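Residues per chain, in single letters:
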Amino acid sequence: MEKRTRWWHGILARSLMAVVGIALLMGGMSSLLVSRMVGEQVHDQAVIKLGELLDTVENTASIACFVADEQLARELVQGLLRNSEVLRVSLRTGEHELAHAERKVGKVGPGRTALRTLLTPSVHRVLHSPFNADEVIGEIRIDADWAVIDARMDSYSRFIGLLFAGLLALVIAAAAAMMLFLVIRPVKAASDRLHRLDPASGERLVVPEGHERTEIGRLVEDINALSGRLVETLDQERALRRQKEIDQRKYQDLFDNAGSGIFVADRDGLLESFNRALVELIWLPHREEGTRRLTDTGWQAPEQLLALLRASLDAGGDGQLEDDFLLLGRRGDERWLHVAVVPLGDGSVQGTVTDVTQRKREELSARRLAVTDSLTGFANRVGLHRSLADLDPADAPFALVMLDLDGFKQINDAFGFPVGDRLLLAVAARLRGMLGDMDQPARIGGDEFALVLAGEHDREMTGARVERIAEQLALPYEMQVADAQSSLVVSASLGVALFPRDGVDVQQLLRAAELALNSARQAGGRSYRFFDPALQAAVEHRRRLEDDLRAAVASRELKLAFQPIVDLRERRLAGAEVLLRWLHPQRGHVSPEVFIPLAEEIGLIGAIGLAVLDEACRQVALWRGAGLDIYVSVNVSVRQIPDDLPPVVVMDILRRYKLPPEAIAIEITEGVLMSNVGVAQAWIESLRAAGLRIYLDDFGTGYSSLSYLKRFPLDTVKIDKSFIRDLHVNSSDRTLVEAIITMAASLGLNVVAEGVEDAQQLALLDEMGCGFGQGYHFSRPVAATDFLETVQRIDTELLQAGKRP
Ligand code: C2E
Ligand code: MG
Ligand code: MG
C-alpha cells in the first residue's frame, strides 16, 4: 500500500524547519548579546559625552563661581539642560548652591532605567580659581537622563534586531531555494521518472544535468545498476520457471506414456501414484483410488518385493536397489519383471518396473546351454563339474570313468568333421544304451567322455563293467562315408577313479581319472586302467623335474658335450655333434631323452636351443682359431622351428663369432618335416641358402619317407643307431642300411652311421661304402675341455689303422 505523504514529510519542509529553528535560536541569542553590547556602549558614550560637556563649560563655571555671579551660573546650567540627555545640573561654591536646574520628567519606575539611575553616579568636576589653580572654589555636577538614553538605545536595538531578522530570512530563503533547485528538484524528477520507469524494457534513469559527479548522479547510477541486476535476475527466474513448466509437462508425458511401469509407493507398498504402463505390466486390479498396493497382484514372492522397498528406504541417500521378480498370472501365464527402486527422501520410494521375461528365458536357456554339450546332449565339462560339486565323503560311492577315443583325430582328418561328429553321436548312443538311470554321461572334450557310474565301489565289478563298455565301443560303426556304406572302427582308452577312495572332490577325481586314462593311452590304447597312487607319484616326480630343469637353465647347469664324427673314407676327424648334458645335483646324470621332451613341453626348448647354438659356435670358433678345421652339428627340436630359431638369428650368431656357415650343421628329425611342411621348407631353405648344412637325424625310426629326402634340400642322412647295433647279426638291418646308403648316394646325400660301437660294425659299414661314422668306437661324447685330447687320440688311431681298405 502506498504511504500517504504530507507536505511536512518532504525534505524541503524538514530542512526548512530545521534551519528556521536553528536560526531563531541563534538570532534570539545573538540579538540579546547585541542589545547588551549596544546598551553598554550607549551608556559609556553618554558618560563620556557628559564629561565633554563639563569640559566645555568648566572655565565659565569657574568664573561664575569666582565672581559668585548667579546670573551667569543660571544661564550656564540652563544652557547645559538644553542637552536632551542631561537631567539635572547644579553649580555650587562651597556650601552654597549657585545655580540648579532640573528637567521635569515623569517618575522613573523601578526597572532598568531606575537601576541605572541609581547605580551610575553623577558626572562632576571640581572648579579651581582662574588665578590660583590650587584653590578649589566650587563644583559643577551633571546627572544624565537615563530614561532618554535607554529609549534611544531601545530603538537602536530594535533596528538592529529587525536588520538581523531580515538577513536571517534572506539566508533561509536562499538555502531553501538552493535545496529546492540543487537537491529536491532533481531528486523529485528522478523519483517521478522512477515511478513511470519500465526497467524490463531497458529504460534507465537519466543523470540530471550538472549532477554527473554529485551524490545524486551516483545515486541514479546505483539505482540503474541495481535495477539492471534486478531485471537480469528476474529474467533468469522467469526463464527457469518456464523451463520447469516445460520439463514438468515433458515428464508428465514421459510418465504417462512410458513403456516401463513407474510408481511411487510407501514402505508397505501403498501406491501414491503410478502410470498406465504399471497397471498393464503387473496386472494391477482396479480398486478405489489411493487404496491400491503394489502387492495386490500375483507376485511369486511379495514379501521379497516389500523387503526391497524397505531396504531401499532404510539405506537412504540414493539407495537404489533392484531385483527380478516373477509375476504369476491367473491364467497360468508368468512374467519376469525387473523392479528398481530409489528412496525419494520423504518416506516413499520411486520405482520402475520393466518386463524382462525374454531376457530371463534367454538366460535360463543359456544357463542350460552352458552346462550341456550341443552335439550329444550330454553334460559338458562345466555340467559335469556342477553335478559333482559339493561332494561329501559320506555320499554314495561311484566310479568316474574318463574315456578317450583312440585315433579319432585321424578319422576326423581323413573323413572330415561331419563324419567325426556322426561317429561321436554313435559312440554317445552306445554309451547311453549301457548306462543306468542313476549313471551320468558327459562329453568333456572333442573325443573325451566322462561317465559317472553310480554305486560302483568294487574294483573287480567296476573293471568288468568298464571292460564291457570298452568292448561295445570297439565294435564297428556302420555309417555312410563319402556316399558309401562303411564300417568304421574306433577303440577307446579308459581311466577309472573311484569315489571316495581316489578323491573326495571333483578336482581330485577328475585328475585321478585323467592320470589313469593317460596310463591306459601310454599302454597303447584299447584298454582301461584304474587310478594308482604311483601314477600320482610319477606326475609329482615330473613336476619336480620340471622345476629343477627351469632352475638348471636359469643357473646354466646344462653343459655341452662333443662327440666326434669321423670321415670313414679319409680316416680322419670331420666334425662333432653337440649333445646336451645335465648333471643334476641329486639325481646325477639326467638323459637328454628325458629332459629335452620335457623342455619342449614346458616351452623351455627355445631358450635352451639358442644357448646351445651360441655356446657351440663360441667353442668351434675357438677350435678353428687354434687350427682345428672342423664343424659342429647342433640338434634342433621341432618346437624351435621357425619362431624360436629364426634363420636371421642363426646368422647373427655366426657373424658374432666370425664363423663361416660351413662351420655349423643343423640336425633335424623327420618330425620337423612332417609338422608344417611349408614353414619347415622355407626355414630349411633359408638356412641352406645361407650356406649351412642340414642333417636328417635318426633316419629309419620314423616314416623314413623317400619323398622327404627328395623334397627338402638336405645334405646328410644320419642312420639311427638302432640299425647299426645289430648290423653284424641281423641281416635285415644290414639290407636296410645298405639300401639307405645306396639311395642316399643316388640322391647326392652324405650318410653318417650313428652308434658305431665296435670294429666289426665299422668293417661292415666300410664294406657298404658308408661315408661317415659316429659312435663309442671312436669316442663317447666328451666335454669341450677333453675334446682336443680326444681328437689327437682318434687321429693317431685312424692313422695307425690306415686308410679304408
Ligand atoms: P641324437 O641326436 O640322435 O644323438 C645321438 C645319441 O646317441 C646321443 O645320445 C649319443 O650319446 C648317443 N650315442 C652316440 N654314440 C653312441 C653309441 O655308440 N652307442 C649308443 N648306444 N649311443 C650312442 P644322448 O646324448 O643321450 O642324446 C639323446 C638325444 O637327445 C639326441 O639324439 C638328441 O635327439 C637329443 N639331444 C641331445 N642334445 C640335444 C640338444 O642340444 N638339442 C636337442 N634338440 N636335442 C638334443
Ligand atoms: Mg643328433
Ligand atoms: Mg641320432
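Preceding this section is the structure that the text describes.
Described below are features of the structure shown in this document. Since the model is a prediction, treat every value here as computed from it, not as a measurement. (Residues numbered from 1 in each chain as written. Chains lettered and ligands numbered in written order. Predicted model: local features only at pLDDT ≥ 70, side-chain atom pairs only at ≥ 80, totals over all residues. Heavy atoms only, no water.)

Details of the coordination of the magnesium ion (ligand 3)
Listed as protein donors to the magnesium ion (ligand 3) are Asp-697 (OD), Asp-698 (OD), Glu-754 (OE) and Glu-754 (OE); their distances from the metal cover 2.0 to 2.5 Å. Separating the magnesium ion (ligand 3) from the magnesium ion (ligand 2) is a gap of 4.0 Å, which Asp-697 spans by donating to each of them. Of this pair, Asp-697 sits in strand β22 (residues 693-699) while Glu-754 sits in the loop between β24 (750-753) and α23 (759-768); the two residues are 57 residues apart in sequence, bridging distant segments of the chain. Classification of Asp-697 as buried rests on a relative accessible area of 6%. (Donors = N, O, S within 2.8 Å, 3.2 Å for Na, K, Ca; no water. Helix = DSSP H or I, 4+ residues; strand = E, 2+ residues; numbered from the N terminus. Buried < 20%, exposed > 50% of the residue type's maximum accessible area, 1.4 Å probe, protein only.)

Focus on the site of ligand 1
Around ligand 1, a shell composed of 23 residues is seen, among which Gln-563, Asp-697, Asp-698, Glu-757 and Tyr-776 lie nearest. One nitrogen or oxygen atom from the side chain of Gln-563 is found 2.9 Å from a nitrogen atom belonging to ligand 1. Side-chain polar atom of Asn-635 to an oxygen atom of ligand 1: 2.9 Å apart, as the coordinates give it. For ligand 1, the accessible surface in isolation is 790 Å², of which the surrounding protein chains cover 86%. Put simply, the parts of the chain that give the shell around ligand 1 at least two residues each are β18 (572-584), α15 (592-601) and β22. Of all the elements, β18 adds the most residues to the shell around ligand 1, at four residues. (Near = heavy atom within 4 Å. Polar contact = N/O pair within 3.5 Å; in protein donor to acceptor, adjacent residues only side chain to side chain. Areas by Shrake-Rupley, 256 points an atom, 1.4 Å probe, with all protein chains shown as cover.)

Some details on the pattern of salt bridges
With the rule as written, the count across this model stands at 42 salt bridges. Between Arg-618 and Glu-615 there is a salt bridge, and its shortest N-O distance comes to 3.0 Å. With Arg-618 and Glu-615 both in helix α16 (residues 605-625) and three residues apart, the pair spans about one turn of that helix. Arg-655 is the partner of Asp-652 in a salt bridge, and the nearest nitrogen-oxygen pair spans 3.0 Å. Taken as a pair, Asp-652 and Arg-655 lie in helix α17 (residues 647-656) at a separation of three residues, close to a single helical turn. Exposure remark for Arg-655: the relative accessible area of 56% places this residue in the exposed category. (Salt bridge = Lys/Arg side-chain N within 4 Å of Asp/Glu carboxyl O.)

Some thoughts on the coordination of the magnesium ion (ligand 2)
For the magnesium ion (ligand 2), the protein coordination sphere consists of Glu-577 (OE), Asn-635 (OD1), Glu-667 (OE) and Asp-697 (OD), at 2.0 to 2.4 Å. Read from N- to C-terminus, the donor residues coordinating the magnesium ion (ligand 2) fall into the pattern E-x57-N-x31-E-x29-D.

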